[in-house]
Amino acid sequence: MKALKKLIFVFALSLFCVIEAQAWSRQVHAQIAEAAMLRLDPEAQAYYWRLLESAPQKGMTFNDLSPWVDSVRNEPLKELYPAAVPVALQRWAGQHSTRWHWTNAQLVQQDGAENCRFTNAGQLEKVLPDLKRALAEDLSPEQELITLAFFMHLIEDAHQPLHTITMQRKNCQKDTRG
């Protein structure tokens with residue numbers, strides 16, 4: 001648990017080290033994960049390297065975990081966990097994670113869009129607390145690694161400005177996601 005708290009802190013801190021302003025591509029997700037890993041003490045690094053032996057795909061590195069989440073966003077969560085979905089994530093078990101990657105924290109409406117119905121809201125702010133609770137559970141290595149991958153990826157997405165705002169135009173058109 002001590003290593004997890006340290007990882008979360010270092011991981012959040014490393015988000016501020018990304019200089020390029022761009023959408024979080026696979027490469028940027030991997031760079032953020034690498035920066036977080038490099039800032040961990042050797043004991044914590046060793047813990048996560050051992051945990052990688054339970055990776056969803058053979059030969060994955062720590063840098064592969066976060067980008068992997070985008071590759072499975074259309075699969076139901078229950079199909080990603082080999083044994084069981086963590087208790088804190090049970091309400092999401094039958095759903096895919098596509099809408100987890102953004103939030104509509106700020107809705108910008110043009111004049112005339114006040115009567116438009118807003119649909120397709122992101123769920124980022126709803127799932128993050130559940131992922132944090134899941135990481136505090138007594139998880140198998142496989143469960144912990146998958147949950148950690150989602151947590152890392154979504155924390156990165158939460159710091160991507162184009163994942164946290166949406167616009168609705170007066171003709172009720174909107175962008176696809178946050």
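Use the structure listed above.
So, here's what we can say about the structure. (Residues numbered from 1 in each chain as written. Predicted model: local features only at pLDDT ≥ 70, side-chain atom pairs only at ≥ 80, totals over all residues. Heavy atoms only, no water.)

1. A look at the side chain of histidine 29
Okay, so step 1: Within the element layout of this structure, histidine 29 appears in helix H2 (residues 26-38).
Okay, so step 2: Among the polar contacts made by the side chain of histidine 29, one reaches the side chain of serine 66 at a distance of 3.3 Å. (Helix = DSSP H or I, 4+ residues; strand = E, 2+ residues; numbered from the N terminus. Polar contact = N/O pair within 3.5 Å; in protein donor to acceptor, adjacent residues only side chain to side chain.)

2. So, the environment of glycine 122
Okay, so step 1: Along the chain, glycine 122 falls in the loop between strand E1 (106-109) and helix H6 (124-135).
Okay, so step 2: The spacing of glycine 122 and threonine 98 is 24 residues in sequence and 8.6 Å in space, taken between C-alpha atoms.

3. Here we look at the packing of helix H3 (residues 42-51) against helix H7 (residues 141-158)
Okay, so step 1: Where H3 meets H7, the closest approach of the two axes is 10 Å, and the angle between their N-to-C directions is 110°. One way to sum up the angle between H3 and H7 is to call them roughly perpendicular. Of H7, the residues touching H3 (which contributes Tyr47, Tyr48 and Leu51) are Pro141, Glu144, Leu145 and Leu148.
Okay, so step 2: Class assignment for the residues of the contact of H3 with H7 results in 6 nonpolar, no polar and 1 charged. (Axes fitted to C-alpha atoms, helices over the stretch in contact; angles between N-to-C directions. Parallel < 35°, antiparallel > 145°, perpendicular 65-115°, else oblique. Contact = heavy atoms within 4.5 Å. Nonpolar A, V, L, I, M, F, W, Y, C, P; charged D, E, K, R; others polar.)

4. Quick word on the packing of H6 against H7
Okay, so step 1: Interhelical geometry of H6 versus H7 gives an angle of 145° and a closest axis separation of 10 Å. Regarding H6 and H7, the two cross each other, and that crossing is left-handed. Here Leu124, Val127, Leu128, Leu131, Lys132, Ala134 and Leu135 of H6 lie close against H7, whose contacting residues are Glu144, Thr147, Leu148, Phe150, Phe151, Leu154, Ile155, Asp157 and Ala158.
Okay, so step 2: Per-class residue counts for the contact of H6 with H7 are 12 nonpolar, 1 polar and 3 charged. (Left-handed = near helix turned anticlockwise from the far one by under 90°.)

5. Points about the side chain of threonine 98
Okay, so step 1: Residue position: threonine 98 is located in the loop between helix H5 (77-80) and E1.
Okay, so step 2: Of the residues examined, threonine 98 reaches a relative accessible area of 9% and is grouped as buried.
Okay, so step 3: A distance of 3.0 Å separates the side chain of threonine 98 from the side chain of asparagine 74, its partner in a polar contact.
Okay, so step 4: At a separation of 3.0 Å, a polar atom in the side chain of threonine 98 contacts the side chain of histidine 96. (Buried < 20%, exposed > 50% of the residue type's maximum accessible area, 1.4 Å probe, protein only.)

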